[in-house]
Amino acid sequence: MKKILVSLFIFSFCVNQPFAQDGVFQFAKSYFRSDPFAGNFSSFLNHLLNDPSLKEKEIQKKTDSTLFYFSGIYTNYSPFFFKPKKVQVLLQEISVQYADSLPHDTVFIYQLLAYADPNDKGQQDVKKEFEKIHRVFNKRFYNSNYQDLKTGEAITGGLHHYFVSYTRLAPLSTAWGKLDNDYVLNITLRIQASENKAILAASLYKP
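The structure displayed is predicted, hence computed values, not measured ones.

1. What about the packing of aromatic side chains?
Geometrically, a pair of aromatic rings is defined through the distance of the ring centres and the angle of the planes.
Alright, step 1. All chains considered together, the criterion is met by 15 aromatic pairs.
Alright, step 2. Note on Phe-25 and Phe-37: the rings are 4.7 Å apart at their centroids and 70° apart in plane angle, and the pair reads as edge-to-face. Within this pair, whereas Phe-25 is found in helix 2 (residues 22–31), its partner Phe-37 is found in the loop between helix 2 and helix 3 (41–49), the two being separated by twelve residues in sequence. Take Phe-25 and Phe-37: they sit in the same class, and that class is buried.
Alright, step 3. Taking the centre distance of 5.9 Å and the plane angle of 45° together, the rings of Tyr-31 and Phe-80 count as tilted. Of this pair, Tyr-31 sits in helix 2 while Phe-80 is found in the loop between strand 2 (69–74) and strand 3 (86–96), placing the two residues 49 residues apart along the sequence. The two residues Tyr-31 and Phe-80 agree in class, both being buried.
Alright, step 4. By way of ring pairs, the aromatic residues Phe-32, Phe-41, Phe-44, Phe-68, Phe-108 and Tyr-110 are connected into one cluster.

This is the structure we're talking about:
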């Protein structure tokens with residue numbers, strides 16, 4: 001299950017004007033059981049990796065040749081209005097290069113995926129949740145953009161990127177679509193660790 005939908009969310013670059021970044025922190029507190037901004041980064045990792053409500057854990061530790069990866073399935077946690085058949089959390093470290101003249105850096109892609117049945121109700125559940133999130137949180141960000149996800153000419157999903165000031169990457173994205181026969185709602189945070197604190201990816205801002 002590695003790299004689930006990561007390719008949709010990695011390279012979301014934007015140049016923005018100054019704006020409050022509290023929207024990201026409020027969102028993380030509302031949706032992620034392990035909030036990366038609640039304390040120091042090592043405590044966040046410890047809480048996530050040792051959360052008793054997670055099963056089917058998969059961990060790949062960082063080495064000289066591999067980057068960190070973690071995945072798990074929640075047994076009794078769901079922050080959504082609809083009832084998913086499964087809620088998965090992923091934390092994956094990836095290598096990025098913001099410009100050809102700059103060295104590579106690493107970013108953590110932190111994802112929450114809510115799976116629904118592959119029928120009309122499942123599609124409507126994830127789509128309505130996706131739209132509800134946008135209504136509630138869009139006004140808390142400086143800017144956002146939307147794109148349809150298509151299979152051929154048919155629209156089979158949607159994607160929102162949310163932007164704040166002084167970041168080269170959109171720190172938050174949401175999407176809905178089809179994955180392995182199920183409809184899925186995907187929430188993605190892009191963060192980095194700096195001085196044992198989680199910060200927004202490609203940003204010097206520290207909460």
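2. What about the environment of Leu-67?
Alright, step 1. Within the element layout of this structure, Leu-67 appears in the loop between strand 1 (54–60) and strand 2.
Alright, step 2. Leu-67 sits in the partly exposed class, given a relative accessible area of 26%.
Alright, step 3. Setting aside its immediate chain neighbours within four residues, Leu-67 contacts Gln-60, Lys-61, Lys-62, Glu-93, Ile-94, Ser-95 and Thr-106.

3. Digging into the pattern of salt bridges
Alright, step 1. Applying the stated rule across the entire model yields six salt bridges.
Alright, step 2. Notably, a salt bridge pairs Glu-93 with Lys-62, separated by 3.0 Å at the nearest N-O pair. Of this pair, Glu-93 sits in strand 3 while Lys-62 sits in the loop between strand 1 and strand 2, placing them 31 residues apart in sequence.
Alright, step 3. The class for Glu-93 is buried, based on a relative accessible area of 6%.
Alright, step 4. In this structure, Asp-117 engages Lys-85 in a salt bridge whose closest nitrogen and oxygen atoms are separated by 3.6 Å. You can see Asp-117 sitting in the loop between strand 4 (105–116) and helix 4 (120–137) and its partner Lys-85 sitting in the loop between strand 2 and strand 3, a full 32 residues away along the chain.

4. Re unusual backbone geometry
Alright, step 1. With phi around 50°, Asp-180 is a residue other than glycine that occupies positive phi space.
Alright, step 2. With relative accessibility at 57%, the residue Asp-180 sits in the exposed group.
Alright, step 3. One non-glycine residue, Asn-181, adopts positive backbone phi at about 80°.
Alright, step 4. Residue class for Asn-181 comes out exposed when judged on its relative accessible area of 60%.

5. Here's the deal with helix 2
Alright, step 1. Among the residues of helix 2, those classed as buried are Gly-23, Val-24, Phe-25, Phe-27, Ala-28 and Tyr-31.
Alright, step 2. Residues of helix 2 that are buried sit in contact with strand 4, helix 4, strand 7 (172–179), strand 8 (182–194) and strand 9 (197–200).

6. Overview of the pairing of strand 3
Taken residue by residue, a regular strand's side chains alternate between the two faces of the sheet.
Alright, step 1. Counting buried positions along strand 3 gives nine out of eleven residues, so the element sits mostly inside the fold.
Alright, step 2. Taken together, the six bridges between strand 2 and strand 3 define a ladder with antiparallel strand orientation. Across the sheet, the residue bridging to Ile-73 is Gln-88, located in strand 3.
Alright, step 3. Inspection of the sheet shows strand 3 paired to strand 4 by eleven bridges, in the antiparallel sense. Across the sheet, residue Val-96 finds its bridge partner in strand 4, namely Asp-105.

Rules used in this analysis
- Residues numbered from 1 in each chain as written.
- Predicted model: local features only at pLDDT ≥ 70, side-chain atom pairs only at ≥ 80, totals over all residues.
- Heavy atoms only, no water.
- Phe/Tyr/Trp six-rings, centres within 6.5 Å; stacked < 30°, edge-to-face > 60°.
- Helix = DSSP H or I, 4+ residues; strand = E, 2+ residues; numbered from the N terminus.
- Buried < 20%, exposed > 50% of the residue type's maximum accessible area, 1.4 Å probe, protein only.
- Contact = heavy atoms within 4.5 Å.
- Salt bridge = Lys/Arg side-chain N within 4 Å of Asp/Glu carboxyl O.
- Pairing = 2+ DSSP bridges.

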